[in-house]
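What follows is the residue order along each chain.
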Amino acid sequence: MIKTEMLRMLVTVVKYGNLREAAEELSRTQSALSMGLSQLEQTLGGSLFETDRKRELTDLGRFVHGAAADLVHEHDRVIDLISRYANGEAGQLRIASVPSVAALILPSVLGSFMSQHLDAQIDLRDSDSKNVRSLVATGYADLGIAGEASQDHDLVTTPLFQDTLHVVCRRDGMLPTKGDALKWSDLKAIPLISNGAMSGASSKEAKSVIGRSKLSVRNILSLFAMVEAGQGITILPGLATRSLNENLMAIPLSGSGNTRTISLVSRSGVTTNPLADAFSSHLSEAMPDIVQQHSLKGVNG
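These numbers were taken from a predicted model, which means no experiment stands behind them. (Residues numbered from 1 in each chain as written. Predicted model: local features only at pLDDT ≥ 70, side-chain atom pairs only at ≥ 80, totals over all residues. Heavy atoms only, no water.)

Chemist: Got a minute to help me understand helix α2 (residues 19-26) in this structure?
Modeler: Along an α-helix, residues three or four apart share an orientation, since each turn contains 3.6 residues. For α2, the set of buried residues is L19, A22, A23 and L26. The buried residues of α2 occupy an angular sector of 100° when projected down its axis, which confines them to one face. Of the surrounding elements, those touching the buried residues of α2 are α1 (4-16) and α3 (30-44). Capping the start of α2, N18 holds a side-chain oxygen 3.1 Å from the backbone nitrogen of R20, two or three residues further along. The positive-phi residue at the C-terminal boundary of α2 is S27, with phi of around 55°. (Buried < 20%, exposed > 50% of the residue type's maximum accessible area, 1.4 Å probe, protein only. Helix = DSSP H or I, 4+ residues; strand = E, 2+ residues; numbered from the N terminus. Arc of directions from axis to C-beta. Contact = heavy atoms within 4.5 Å. Polar contact = N/O pair within 3.5 Å; in protein donor to acceptor, adjacent residues only side chain to side chain.)

Chemist: What am I meant to see in the nonpolar core here?
Modeler: Across soluble globular proteins, you tend to see nonpolar side chains buried next to one another. Ranked by internal contacts, the top residues of the largest apolar core, which has 35 residues, are V101, I105, I145, L160, F161, F279 and L283. Broken down by element, the residue count for this core peaks at eight residues, all from helix α10 (residues 274-293). Excluding residues that lie within four positions of it along the chain, F279 makes contacts with L93, I95, L106, V109, L110, F113 and L143. L7, F49, V64 and V72 belong to the second largest nonpolar core, which has 19 residues in total. (Core = buried A, V, L, I, M, F, W, Y, C linked by side-chain atoms within 4.5 Å.)

Chemist: Would you mind going over the environment of N245 with me for this structure?
Modeler: With respect to the secondary-structure elements, N245 resides in the loop between β7 (233-237) and β8 (248-252). N245 sits 17 residues away from E228 along the chain, and the two C-alpha atoms are 9.3 Å apart. At 3.1 Å, the side chain of N245 forms a polar contact with the side chain of E228. Within the structure, N245 has its side chain in polar contact with the backbone nitrogen of N247 (distance 2.8 Å).

Chemist: Honestly, unusual backbone geometry in this entry has me stumped. Any pointers?
Modeler: One can expect most non-glycine residues to show negative phi and most peptide bonds to be in trans. Here S27, not a glycine, exhibits a phi torsion of approximately 55°, which is positive. Locating S27 in the fold gives a position in the loop between α2 and α3. The phi dihedral of S295 falls on the positive side, at around 55°, and the residue is not glycine.

Chemist: Where do I start with the packing of aromatic side chains in this structure?
Modeler: Any two aromatic rings considered together are summarised by their centre-to-centre distance and by the angle between their planes. If you walk through the whole model with that rule in mind, you get one aromatic pair. On the basis of an interplanar angle of 90° and a centroid distance of 5.3 Å, the ring pair of F113 and F279 is categorised as edge-to-face. Of this pair, F113 sits in helix α6 (residues 106-116) while F279 sits in helix α10, and the two are 166 residues apart along the sequence. On the basis of relative accessibility, which here comes to 0%, the residue F113 falls in the buried class. (Phe/Tyr/Trp six-rings, centres within 6.5 Å; stacked < 30°, edge-to-face > 60°.)

Chemist: Quick question: what am I supposed to make of the packing of α1 against helix α4 (residues 59-86) here?
Modeler: When two helices pack together, you describe them by how their axes are tilted relative to each other and by the distance separating the axes. Running from N to C, α1 and α4 cross one another at 115°; their axes reach a closest spacing of 9 Å. As judged from the angle between their axes, α1 and α4 are roughly perpendicular. Here α1 and α4 pass one another in a crossing that is left-handed. Contact with α1, carried on its side by T4, L7, R8, L10, V11 and V14, involves V64, H65, A68, A69, L71, V72, H75 and D76 of α4 and no other residues of that element. Taken together, the residues of the contact of α1 with α4 sort by class into nine nonpolar, three polar and two charged. (Axes fitted to C-alpha atoms, helices over the stretch in contact; angles between N-to-C directions. Parallel < 35°, antiparallel > 145°, perpendicular 65-115°, else oblique. Left-handed = near helix turned anticlockwise from the far one by under 90°. Nonpolar A, V, L, I, M, F, W, Y, C, P; charged D, E, K, R; others polar.)

Chemist: Even after reading the chapter, I still don't get helix α7 (residues 129-137), so can you show me in this structure?
Modeler: Listing the buried residues of α7 in full gives S129, V132, R133, L135 and V136. Take α7 and look down its axis: the buried residues cluster within an arc of 160°, on one side only. Each element contacted by the buried residues of α7 is listed here: β1 (90-97), β2 (119-126), β3 (143-147), β4 (155-170) and β9 (259-267). The N-capping residue of α7, defined by a side-chain oxygen 3.1 Å from the backbone nitrogen of K130, is D128. Positive phi appears at G139, one or two residues downstream of α7, with a value of about 85°.

Taken by themselves, the reported measurements are silent on function.
As structure tokens, this is what we get:
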């Protein structure tokens, strides 16, 4: 049987033209190299070198060397790729995220991550929290970034930050205040357009207000268009209100249930992709700066 190590010996000896330097590179003795080449010749049934000085290849030697050089190069490439994958330096990472985080936070985080992981391939998909959790739970995403859910038995959630909820309305709209914080009770008589960001509401007062909604819109651009057209108001986390047009405004909510916790989500009971582990650590290290930059609330206060 022809062993890869024998072929590597041949390629290295040809590279230097002598056993001494080849032995140094391979951290082997000259006698070990000589024996390995002899075994290769015995297996092939022919000489690889014209003389014992190992400087001139036979016709068989030239053919075997050409094929061996390709094999050794590919072998080393594959071993390196496996090693980098295992160390979280290469591979594919599928991330699902709520739109506000995907648009405002992930560009810089992914930019710095990919600059350190040049062989990483990232697939980013944005959707509402419910769908993000579903994509992770069913294995279509390695990691998710989403709001809270009442029950996530198949998922592991790691809180990242909290974001204050805001009422989005027309500037010439029907709200009883302009610019001051609102309470859930202020919204009871006003048509509400629900959206995916509101699915994690936990307080009874919030659920009561949201439960009255007769219109639900998932896409953020369509949601803003509905509000601007006078179909009602909506409630979104502060991150999602950073780019409102001049006809809309965002007013913070106060009281119980006025924040949304955003968490990193992964599947429970499944060994994660090494690249996913590396990204999770990278995101965790970046969170203090992200919280400060975007005026968010850290999970520890």
